[in-house]
There are 8 protein chains.
Amino acid sequence: MNEAGLREVLQRFRRGELNEDEALTALADSQVADLGYATLDLSRARRQGVPEVIYGRSKSDEQILGIVDRFHELGARDILITGMSQSAAQIVGEKHDLEYHALPELGIVNRDREKALVGSIVVVSGGTSDMAVCEEAALTAEVLGNRVSRIYDVGVAGLHRLLRRVDELRAARVIVAVAGMEGALPSVVGGLVAAPVIAVPTSVGYGANLGGLTALHAMLNSCASGIAVVNIDNGFGAAFMASRINQMPGLETAGG
Amino acid sequence: MNEAGLREVLQRFRRGELNEDEALTALADSQVADLGYATLDLSRARRQGVPEVIYGRSKSDEQILGIVDRFHELGARDILITGMSQSAAQIVGEKHDLEYHALPELGIVNRDREKALVGSIVVVSGGTSDMAVCEEAALTAEVLGNRVSRIYDVGVAGLHRLLRRVDELRAARVIVAVAGMEGALPSVVGGLVAAPVIAVPTSVGYGANLGGLTALHAMLNSCASGIAVVNIDNGFGAAFMASRINQMPGLETAGG
Amino acid sequence: MNEAGLREVLQRFRRGELNEDEALTALADSQVADLGYATLDLSRARRQGVPEVIYGRSKSDEQILGIVDRFHELGARDILITGMSQSAAQIVGEKHDLEYHALPELGIVNRDREKALVGSIVVVSGGTSDMAVCEEAALTAEVLGNRVSRIYDVGVAGLHRLLRRVDELRAARVIVAVAGMEGALPSVVGGLVAAPVIAVPTSVGYGANLGGLTALHAMLNSCASGIAVVNIDNGFGAAFMASRINQMPGLETAGG
Amino acid sequence: MNEAGLREVLQRFRRGELNEDEALTALADSQVADLGYATLDLSRARRQGVPEVIYGRSKSDEQILGIVDRFHELGARDILITGMSQSAAQIVGEKHDLEYHALPELGIVNRDREKALVGSIVVVSGGTSDMAVCEEAALTAEVLGNRVSRIYDVGVAGLHRLLRRVDELRAARVIVAVAGMEGALPSVVGGLVAAPVIAVPTSVGYGANLGGLTALHAMLNSCASGIAVVNIDNGFGAAFMASRINQMPGLETAGG
Amino acid sequence: MNEAGLREVLQRFRRGELNEDEALTALADSQVADLGYATLDLSRARRQGVPEVIYGRSKSDEQILGIVDRFHELGARDILITGMSQSAAQIVGEKHDLEYHALPELGIVNRDREKALVGSIVVVSGGTSDMAVCEEAALTAEVLGNRVSRIYDVGVAGLHRLLRRVDELRAARVIVAVAGMEGALPSVVGGLVAAPVIAVPTSVGYGANLGGLTALHAMLNSCASGIAVVNIDNGFGAAFMASRINQMPGLETAGG
Amino acid sequence: MNEAGLREVLQRFRRGELNEDEALTALADSQVADLGYATLDLSRARRQGVPEVIYGRSKSDEQILGIVDRFHELGARDILITGMSQSAAQIVGEKHDLEYHALPELGIVNRDREKALVGSIVVVSGGTSDMAVCEEAALTAEVLGNRVSRIYDVGVAGLHRLLRRVDELRAARVIVAVAGMEGALPSVVGGLVAAPVIAVPTSVGYGANLGGLTALHAMLNSCASGIAVVNIDNGFGAAFMASRINQMPGLETAGG
Amino acid sequence: MNEAGLREVLQRFRRGELNEDEALTALADSQVADLGYATLDLSRARRQGVPEVIYGRSKSDEQILGIVDRFHELGARDILITGMSQSAAQIVGEKHDLEYHALPELGIVNRDREKALVGSIVVVSGGTSDMAVCEEAALTAEVLGNRVSRIYDVGVAGLHRLLRRVDELRAARVIVAVAGMEGALPSVVGGLVAAPVIAVPTSVGYGANLGGLTALHAMLNSCASGIAVVNIDNGFGAAFMASRINQMPGLETAGG
Amino acid sequence: MNEAGLREVLQRFRRGELNEDEALTALADSQVADLGYATLDLSRARRQGVPEVIYGRSKSDEQILGIVDRFHELGARDILITGMSQSAAQIVGEKHDLEYHALPELGIVNRDREKALVGSIVVVSGGTSDMAVCEEAALTAEVLGNRVSRIYDVGVAGLHRLLRRVDELRAARVIVAVAGMEGALPSVVGGLVAAPVIAVPTSVGYGANLGGLTALHAMLNSCASGIAVVNIDNGFGAAFMASRINQMPGLETAGG
């Protein structure tokens, strides 16, 4: 329920159309649907201006299908499912219009392919091995309505691969920099551009990479400014943050 | 040297006014000043559109003064010194126009007090104990030219303190959320607003807070979207990132 | 052997019916049954006032069956088996009256379904993914004779989902708050109620969640008071503690 | 504002005595006092049924005094200040009726020494070195109105010291078990009693004690049931939790 | 080569029967057999007075067989193989006289079943789940020629189970105390006996047990004296150490 | 109270000289003295056959003096105080016959200098920096009645320093091997001798030594057999364990 | 593009054969090939003087084949693939001249078997279990053109196995010392030789070995000088570093 | 004793000039001097070809002086003392010819200022704050006889500062790359040069830098090849390793 709705309830209460308890209940219940195993937040899309998102990783295939069903009934488009297994894709795909990407394990139900893409987000990565995380970020950003460029495998140990694409980097409104191992890419990128950089550490590496913690902590200690960091392998989160910035109120939506 | 300058050198080289080695040297040296102990990046302010910043924490008082002197000679204003000890403030203040804030250990030399402040950044904190970090963030953001509001001590264990100020939070272009202990504030704030949230974990707490790592890792695992995180106690970094977003090209500069 | 039994042995010794060594042995052996691989504590139920509990996780199916057999011979009811695999359930179910719950991997042998439930424990969780741990807690609490309410998927990133159920939370004698990721739920709940809160971190999340350690440490640093914490994913332990509180001597047993 | 107060505001709004904006403001502002550096939660005492508590550890002496002043003006009694330094005690003591305990660094302003103590909490510790934490727990519990017994220095390496006091332990409604080093005390105590046990790890020890993390994690893995844990050295938190349990609604208040 | 052998080489060199280079080579090569993938230390058994031991965990089945073959050719008895998989047992068993224990994954080739057992080692454990580690310790100790008693599943949460067997514990020359979870058993046992206690932490537990590190670190911080610790799950190492103590030169070998 | 004493109480109870409650109390209280801040275990020396030990590290000077006073009254000799600060030594020394060693911070009150030393313990160390821990071990072992040899600064990076003293090492009944940094000494020593080796990691080193955890964990992973480990810097604990082994019942006490 | 090539482009630009944009593009693009999922650095071999290397671990079989195809087209020899799975070897082997080593999971395409081997690198290991890492190092070093000796299974717990081969060690230009568990081998070797030692920790061990971190940190704290360390299990990296040293410009290439 | 000396002893033994025991003793004792607290390795300088080194960090001022005295008596020059405090410098300087550098806490006694410097080592650093570690490395390398260049404060966030000095980097035989915070410098440098790179992490940074562990682990995960790592802040160790490489037998000693 938006603010108008809330004021409406208050007015109806004042006019005596609702008694006190009814008013309290109406205020509380209007925004939520209870599936038993999940409490759907029906107003989030409106409140946050984004498509519905289902975190598939720790849900059963049936739970995912149930939530998709409910959002579909409500007419939702661009229902994004992260961490969607092959088997979940199977059963959702039989019943719904599903676009499934196997590498980043990402599903999109009822995708709105006509949506105008705005602004410019660049997803840049250090190595081929980071590609699943990169694609989770890039596809999420696209579903959220952003124009996205990909610059992959330009790690800091071969600087000229990165330097020859500086112009593309400088043209971005926001940059998502993805790197595993020592996680040095965001520091180097951050020193080359004036746009905000969202850094995504990945779990790529072994031994002293500590499952991605080394890259994560390195990025947080970056000697460059204008960098903030999301969780290990969290391509979705980086794209969501980048999208909020790329589509800030007041920005023209024609792109960079 | 900006892009125009670089093209200028190339053209002079083509016209034979510079020989090959002179051209290479000019390109390389134009942007740096060597103090022996420091290699000043003279073009950073222009390249990144921000005031000069000196990280005072691990420099001697004399080194800080030396760098301030050099920037001052170049006519710099708004020279920001983070982690500035009382004694460094003493010797810099004797020679320069210094505004010093003891709690966040922050100095500003040649502050431009007429600068127009734009947009709106809200700095929100969980507890009184986080105030030094909050003020590092708030003052940095102001020096960088942003309009800043402060909402302090509204931790999640007393929700109504936070909820009564939701309107202020929703009016911000960017939010800097500062919290120690369990670091839950950004999750709650992130669920209430549509603006990007920069989360700053602090080292406040003891025992299982692990010097701030617990708050840091908790924020990275936030169940809310639209959050990115900076290093523990890094108020400066959060403000710098927030400023980049608040002043993105294309945004009107009249504020929120 | 209860206190009466102990005094009985002492009196028989005084009367010369037992010699010194017999007395010492009687005191020591009366409370234990040796299965070779396990030393059953036959007096625990009486001493602690609770049903028998078998920690199934690191026992073989045959060991579990052997212990159930022994307790069954002694006439035990409400034999609770945590961490019970599908295969253990198979072989125990063929021989005994077993109620098996697959998601929390919990078995109950000889369940007493007529038992009066007392007091009120609320199990509240942050997300659908925490449901296995929640159900381990809720079912355990019910087997221990407590009246239980479930409030699931009301994480702090969508506060209104939680706030609309504050009345239910405030009606509880004890609250079990289950959350993974950043583990912020107990802090928020703890600020809303006056009942003791048992916090259960779960291993849900990835990367910087460190297998649940982040949620665990965050909960231990909660800025709210009246919270204590059990091990990661330990729904059983939380329910056991909650039950002790909900059934404290002196409390009426009619419920809240 | 309690529930009655909230309903009062709603009724005044219905009767037209408050307009819509006035109603919203009244609801939000009635419970909070802003000191600039602190947002005091004036209703917490009533809402949670406990005295005012000031966490002194990361506040300046002046901030502590300011908050004490404000609570004093409101007529508060039993203002508890944890982590209170000698110097803070000095300046507060000059102006207020302060009872100060140096070992646990605890202050009590306007202590109500006539307060009836109810129920029974036992604070039991493994060693002399844990005494500061024990006393923080014991004194806090007393200020909160609980009858408290102390059993100190009865570590598990000399079992008979502990066993000779089993009767006292069994007479408690709630037990606070404090231990550093290997943190084994709560497991042993938990096996001897039927009351809930709040375990407090301390930072006492060295090397592999990891500043208390070893005791903390050991307690969380206790093989005994009916144990929950608070943060390292958090005597206050344990006492607060114990008090909530010892004074649960429905319990007679005459003590054990 | 023992000391006598070394002196022999020196004498032959003096008498000119060996030239200088031959002497050096003889000294170096006499004690080692090279299998390519392994450098067998043929003199270890004699030097350390123990049977041959093969650490099977990270060797291929073929490597294990190859080493057994070589020791067998040399007439070795009591060849102990730890961490021996079912498949390694299969191929070794087809060719050699193998006694295989599946739970502790332990194999013994050419076991000398007539060997007189001496002294007394007690292996005591906290829970049924620790049994694999206990049996690795107990069987190793027996192969090394020690008389062994087993006291299993007597964890500290049910003290009377342990206390009724104090006499057996006090009769031991050396005690191996095995425990997972909070690892409190060695502290309690150490306080009850005067014999040296070898503590073995196990990886049994979950969450904050950190794969056994919590029990390990707790044991190292034991408040009891006379305890030393071996690696997590290292039943073999504990038995080896216990055997050295139980069979110290000067001790009568008739047992306790 | 020893076993004889316990049987005496039982007999007096049988004869009616003690009633039931008196018997229980006598059994419990006979072994303990309560100083308020400490519960002295008066029977430990007899039960464990060792001098009194006071862990001085976390006790106040006054508490240490109080405990020394009490033991002195009881006629105790060889009262060992570990972690004794200069100031504690000052006040204890004014009143008692104190031998104080500043480097290992060790005090001995009423030292029995005539005591016959038995067996042979070698304390061997890797570097000069480990000397405080070595001396804590060596002095403790001497107070406990053991003959002790010192072999210091023979680290593994200069093997010949160690090898030239192999005979001394091989003559020991027990070896205490002290090392910081990479903690390799016990592995090398363990491969050279047949005696049990007690390994003591020290906190000497920096960076990746992790305050001694690296040496501790390395020692636990030693590829040599016959090694067990005590806590970081715990020279006392190693000596205590070594003493128990060196003085095992059945060993002649004339020394090695 | 080497320096000559870069100067060529600059000259062509000066002569007007390239316009400004063409010059910039030529400089940037000349060294890279874009496969979509990978940005091949075509000049690395020349710039660093080494064969092509493909890190196979986190690449799909198809990606590996694609990159091999591309390098093959360019006439590359000695294409090294680390972390190459059996299945990747299958599909690459069907199309290319592949030499595959299963234990270290290493593939070599178009191996130049006539290549002269120079200098001398010794690979020395502590145990049989480290052999996969050793062989990754040894084979890599051979492909890079170095003469390699192998000394395996000479751990520090049996010093004489190591000491009899000191001459071989002292003959090396560079030593690669591989060890798991406590990681002591490099310290001992480093004390015996004057050549630089590259230490490789392995993940061999369990419990407190922390997946190799213990050996890694121990090696970094080595008390011997002349040691530097690479990542856990990184045989390739150690060999690459050793090769750079063994083939330093100015060294005769005839070997040791 | 060098090899010649050893053969001499053997020959004298053969000729009967030494008996067997005298020979063994001569072999063992010839290389060591015992100061009680230190076992000086008198042959190390000759064996390893380097000056004497004293690790001052954990030695008392008197111990340092004692060792310097002893080396001085033996005629040693270039006695290097790392981690030398101001007070140790004071007492050593009063008696010896000491050159003391306060920032890196490094002392040199009897410095040979005429020594010819050979080869070329470049010490490159990321920031001014790393200077103490850089100078420890640079001075050590100079004392060891190497020609050293310094390139400081050229961190990766301002790439052009680094790139303008690529020629100097490429001219080095060995590079010591020092960096704190995210530790990215060695990766970038490693991609630009063909010389071996010794990476030195520093403890500069805060929060998630974990006292230098983050930089350390990042460097170990470097995506560039030809890098090996030493302990945190270990400038001495890096210089020692670099010196061994720079002065490898076979390299001309005229420098780069």
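What you see is a predicted model, and the numbers here were worked out from it, not measured in a lab. (Residues numbered from 1 in each chain as written. Chains lettered and ligands numbered in written order. Predicted model: local features only at pLDDT ≥ 70, side-chain atom pairs only at ≥ 80, totals over all residues. Heavy atoms only, no water.)

1. Considering the overall build of chain A
The helix and strand tally for chain A stands at 11 helices and 11 strands. Looking at chain A as a whole, 64% of its 256 residues qualify as buried. Across chain A, contacts joining residues at least 24 apart in sequence account for 66% of those joining residues at least 6 apart. Just so you have it, chain A exposes about 8,700 Å², and 50% of that area is on carbon and sulfur atoms. (Helix = DSSP H or I, 4+ residues; strand = E, 2+ residues; numbered from the N terminus. Buried < 20%, exposed > 50% of the residue type's maximum accessible area, 1.4 Å probe, protein only. Contact = heavy atoms within 4.5 Å. Areas by Shrake-Rupley, 256 points an atom, 1.4 Å probe, with all protein chains shown as cover.)

2. Re the sheet that holds strand β6 (residues 106–109) of chain G
All names here are of chain G. Strand order in the open sheet made by the 4 strands is β3-β4-β6-β5, with mixed pairing throughout. In this open sheet, the two edge strands, each paired with only one partner strand, are β3 (53–55) and β5 (98–101). Ignoring which end each strand starts from, the neighbouring axes of this sheet average 15° apart. Note that strand β4 (residues 79–82) and β6 share 3 bridges and pair antiparallel. Its bridge partner lying in β6, Ile 79 is registered against Val 109. Packing of helix α4 (residues 61–73) onto the sheet brings it into contact with β3, β4 and β6, and relative to β4 it is tilted by some 165°. Where helix α5 (residues 86–95) meets the sheet, its contacts fall on β5 and β6, and the angle it forms with β5 comes to roughly 165°. (Pairing = 2+ DSSP bridges. Axes fitted to C-alpha atoms, helices over the stretch in contact; angles between N-to-C directions.)

3. Structural notes on the environment of E:Glu62
All names here are of chain E. By secondary structure assignment, the location of Glu 62 is in helix α4 (residues 61–73). For Glu 62, a relative accessible area of 55% corresponds to the exposed category. C-alpha of Glu 62 to C-alpha of Lys 95: the two residues are 33 residues apart in sequence and 12 Å apart in space.

4. A word on the interface of chain A and chain B
Contacts between chain A and chain B engage 34 residues on the former and 34 residues on the latter. In total, chain A and chain B occlude about 2,800 Å² of area from one another, counting both sides; carbon and sulfur atoms represent 59% of this. Inspection of the region where chain A meets chain B yields 0 salt bridges. The tally of links from chain A across to chain B stands at 8 residue pairs in polar contact (both at pLDDT 80 or more). In terms of residue count, the dominant contributor to the side of chain A that touches chain B is helix α11 (residues 235–246) of chain A (5 residues). Looking at the side of chain A that touches chain B, its residues break down into 21 nonpolar, 9 polar and 4 charged. (Buried area = accessible area lost by both parts, 1.4 Å probe. Salt bridge = Lys/Arg side-chain N within 4 Å of Asp/Glu carboxyl O. Polar contact = N/O pair within 3.5 Å; in protein donor to acceptor, adjacent residues only side chain to side chain. Nonpolar A, V, L, I, M, F, W, Y, C, P; charged D, E, K, R; others polar.)

5. Some remarks on helix α11 (residues 235–246) of chain E
In an α-helix there are 3.6 residues to a turn, and that puts residues three or four apart on one side. With 12 residues, α11(E) ought to run about 16 Å at 1.5 Å a step, and its terminal C-alpha atoms sit 16 Å apart, in line with that. Counting buried positions along α11(E) yields 12 of 12 residues, so the element is predominantly enclosed. (Expected span 1.5 Å × (residues − 1).)

6. Quick notes on the pairing of strand β5 (residues 98–101) of chain B
Residue and element names in this part refer to chain B. In the sheet, β5 pairs with strand β6 (residues 106–109) via 4 bridges, with the strands oriented antiparallel. In the sheet register, Tyr 100 faces β6, and the bridge partner there is Gly 107. The turn joining β5 and β6, which pair antiparallel and follow one another in sequence, is formed by 4 residues; a positive phi near 50° is taken by Glu 105.

7. Quick look at the pattern of salt bridges
Considering all chains together, one arrives at 80 salt bridges over all chains under this definition. Across the salt bridge formed by F:Arg70 and F:Glu73, the nearest N and O atoms sit 3.5 Å from each other. Taken together, the positions of F:Arg70 and F:Glu73, both in helix α4 (residues 61–73) and 3 residues apart, correspond to about one turn of that helix. The salt bridge partner of F:Arg111 is F:Glu99, with a shortest N-O separation of 2.8 Å. In this pair, F:Arg111 is assigned in the loop between β6 (106–109) and β7 (118–125) and F:Glu99 in strand β5 (residues 98–101), connecting sequence segments 12 residues apart. With respect to burial, F:Arg111 and F:Glu99 carry one shared label: buried. Linked by salt bridges that have partners in common, A:Glu99, A:Arg111 and A:Arg113 make up one network.

8. Some words on the relation of the copies chain A and chain B
Between chain A and chain B, which share one sequence, the superposing operator has a rotation angle of 180° and an axial displacement of 0.1 Å; the RMSD is 0.2 Å. The symmetry that links the two subunits is that of a two-fold axis. In this assembly the copies share their binding face: 100% of the residues contributing to the interface of chain A also contribute to that of chain B. (Least-squares fit on C-alpha atoms with pLDDT ≥ 70 in both.)

9. Topic: the packing of aromatic side chains
Taken as a whole and judged by the stated rule, the model has 16 aromatic pairs over all chains. Ring centres of D:Tyr55 and D:Phe236 lie 5.6 Å apart, and the angle between their planes is 90°; this geometry places the pair in the edge-to-face category. Remark: D:Phe236 occurs in helix α11 (residues 235–246) and D:Tyr55 occurs in strand β3 (residues 53–55); sequence separation between them is 181 residues. Looking at D:Tyr55, the relative accessible area reads 32%, which means it is partly exposed. Residue class for D:Phe236 comes out buried when judged on its relative accessible area of 4%. Taken together, A:Tyr55, A:Phe236 and A:Phe240 form an aromatic cluster joined through their ring pairs. The ring of H:Tyr206 has B:Arg57 lying over it, and the distance from NZ or CZ to the ring centre is 4.8 Å. (Phe/Tyr/Trp six-rings, centres within 6.5 Å; stacked < 30°, edge-to-face > 60°. Lys NZ or Arg CZ within 6 Å of the ring centre and 35° of its normal.)

10. Some words on helix α6 (residues 131–143) of chain D
Residue and element names in this part refer to chain D. Taking 1.5 Å per residue as the helical rise, α6 with its 13 residues ought to reach 18 Å, and the 18 Å between its terminal C-alpha atoms agrees with that figure. Among the 13 residues in α6, 12 count as buried, and that is most of the element. Inspection of α6 places Met 131, Val 133, Cys 134, Glu 135, Glu 136, Ala 137, Ala 138, Leu 139, Thr 140, Ala 141, Glu 142 and Val 143 among the buried residues, and these make up the whole buried set. Where α6 terminates, the next one or two residues include Gly 145, which has phi positive at roughly 95°.

11. Structural notes on the sheet that holds strand β3 (residues 53–55) of chain E
Residue and element names in this part refer to chain E. Strand order in the open sheet formed by 4 strands is β3-β4-β6-β5, with mixed pairing between adjacent strands. Both edges of this open sheet fall to β3 and β5 (98–101), since each of them pairs with a single strand only. Neighbour-to-neighbour, the strand axes of this sheet turn through a mean angle of 15°, independent of strand direction. The strands that α4 touches are β3, β4 (79–82) and β6 (106–109); relative to β4, the one it contacts most, it runs at about 165°.

12. Comments concerning the side chain of B:Ser187
Note that B:Ser187 resides in helix α9 (residues 185–192). Setting aside residues up to four positions removed in sequence, B:Ser187 forms contacts with B:Ser222, B:Cys223, B:Ala224, B:Ile227, C:Val156, C:Ala157 and C:Glu182.

13. Quick look at the confidence of the model for chain A
Residues shown with low pLDDT carry predicted positions that ought not to be read at fine detail. Residues and elements named next belong to chain A. Taken over all residues, the pLDDT of chain A has a mean of 85, while the share at 70 or more is 82%. This model gives residues 44–49 a pLDDT under 50, and the stretch forms 17 contacts once residues within four places in sequence are excluded. Complex prediction metrics read pTM 0.88 and ipTM 0.84. (pLDDT = per-residue confidence, 0-100.)

14. With respect to unusual backbone geometry
Residues and elements named next belong to chain A. A positive phi is found at Asn 110, a non-glycine position, where the angle reads about 55°. Relative to the helices and strands, Asn 110 is located in the loop between β6 (106–109) and β7 (118–125). On the basis of relative accessible area, Asn 110 is assigned to the buried category, the value being 13%.

15. Concerning the domain arrangement of chain A
Residues and elements named next belong to chain A. Partitioning chain A into structural domains gives domain 1 (31–109) and domain 2 (118–246). Distance from the C-alpha centre of domain 1 to the C-alpha centre of domain 2: 26 Å. Each side of the interface is counted separately: domain 1 has 14 residues, and domain 2 has 11 residues. Buried area between domain 1 and domain 2, summed over both chains or domains, comes out near 1,100 Å², and the portion from carbon and sulfur atoms is 78%. The largest share of the area that domain 1 buries against domain 2 comes from Leu 80, Leu 103 and Pro 104, three residues that together contribute 35% of it. Seen at the junction of domain 1 and domain 2, the total is 1 salt bridge. As a salt-bridge pair, Arg 57 and Glu 136 come within 3.7 Å of each other at their nearest N and O atoms. Where domain 1 meets domain 2, there are 0 residue pairs in polar contact (both at pLDDT 80 or more). By residue class, the composition of the side of domain 1 that touches domain 2 is 9 nonpolar, 3 polar and 2 charged. (Domains from an automatic or database assignment.)

16. Considerations on the packing of helix α4 (residues 61–73) of chain D against helix α5 (residues 86–95) of chain D
Residue and element names in this part refer to chain D. Relative orientation of the contacting elements α4 and α5 amounts to 35°, with a least axis distance of 9 Å. In the crossing of α4 with α5, the sense of the turn from one axis to the other is right-handed. Counting all contacts with α4, which are made through Asp 61, Glu 62, Ile 64, Leu 65, Val 68 and Asp 69, the residues of α5 involved are Ser 87, Ala 88, Ile 91, Val 92 and Lys 95. Counted by class, the contact of α4 with α5 contains 6 nonpolar, 1 polar and 4 charged residues. (Left-handed = near helix turned anticlockwise from the far one by under 90°.)

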